[in-house]
Amino acid sequence: MNKKTLSIAAAILTIVSGTAAVAAELPTYEASGLPVSPLQVRVLGAAHVEQQVAAPAMVASVHQAKVLSPRKVTTADVTTGTAR
């Protein structure tokens, strides 16, 4: 890859990761147990609207969970004595 393509790819990756971090921080609201957007809160009024509790983040990604989980190890059959 040439330098121009590499720098464009790096810029896109930076923008995408920055956008995901900002979107994860936006507050969410609920009214009577149903999720509502901030626009709906402004239009319908803020009576009985609460901020949703953020769900705990996943401790490990799928790949990390596979790597950290115990493996099923099979050992080779070993024969001893004159059976060789």
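For the structure, see preceding data.
Everything numeric here is computed off the predicted structure, so don't read it as measured data.

## Description of unusual backbone geometry
And then number 1: For Ser32, which is not a glycine, the phi torsion comes out positive at approximately 55°.
And then number 2: Following the sequence through the fold, Ser32 ends up in the loop between β1 (29-31) and β2 (34-36).
And then number 3: Ser32 sits in the exposed class, given a relative accessible area of 71%.
And then number 4: Phi at His48 is positive, roughly 60°, even though this residue is not glycine.
And then number 5: Within the element layout of this structure, His48 appears in the loop between α2 (38-44) and β3 (49-51).

## Quick word on the sheet that holds β2
Where strands meet in a sheet, backbone hydrogen bonds hold them as pairs that are either parallel or antiparallel.
And then number 1: Spatially, β2-β1-β3 is the arrangement adopted by the three strands of the open sheet, whose pairing is antiparallel. Each having just a single partner strand, β2 and β3 make up the two edges of the open sheet. Strand-to-strand twist in this sheet, taken as the mean axis angle between neighbours without regard to direction, amounts to 40°.
And then number 2: Relative to β2, β1 runs antiparallel, the two sharing three bridges. Within β2, the position partnered with Tyr29 by the bridge is Val36.

What counts, and at which threshold
Residues numbered from 1 in each chain as written. Predicted model: local features only at pLDDT ≥ 70, side-chain atom pairs only at ≥ 80, totals over all residues. Heavy atoms only, no water. Helix = DSSP H or I, 4+ residues; strand = E, 2+ residues; numbered from the N terminus. Buried < 20%, exposed > 50% of the residue type's maximum accessible area, 1.4 Å probe, protein only. Pairing = 2+ DSSP bridges. Axes fitted to C-alpha atoms, helices over the stretch in contact; angles between N-to-C directions.

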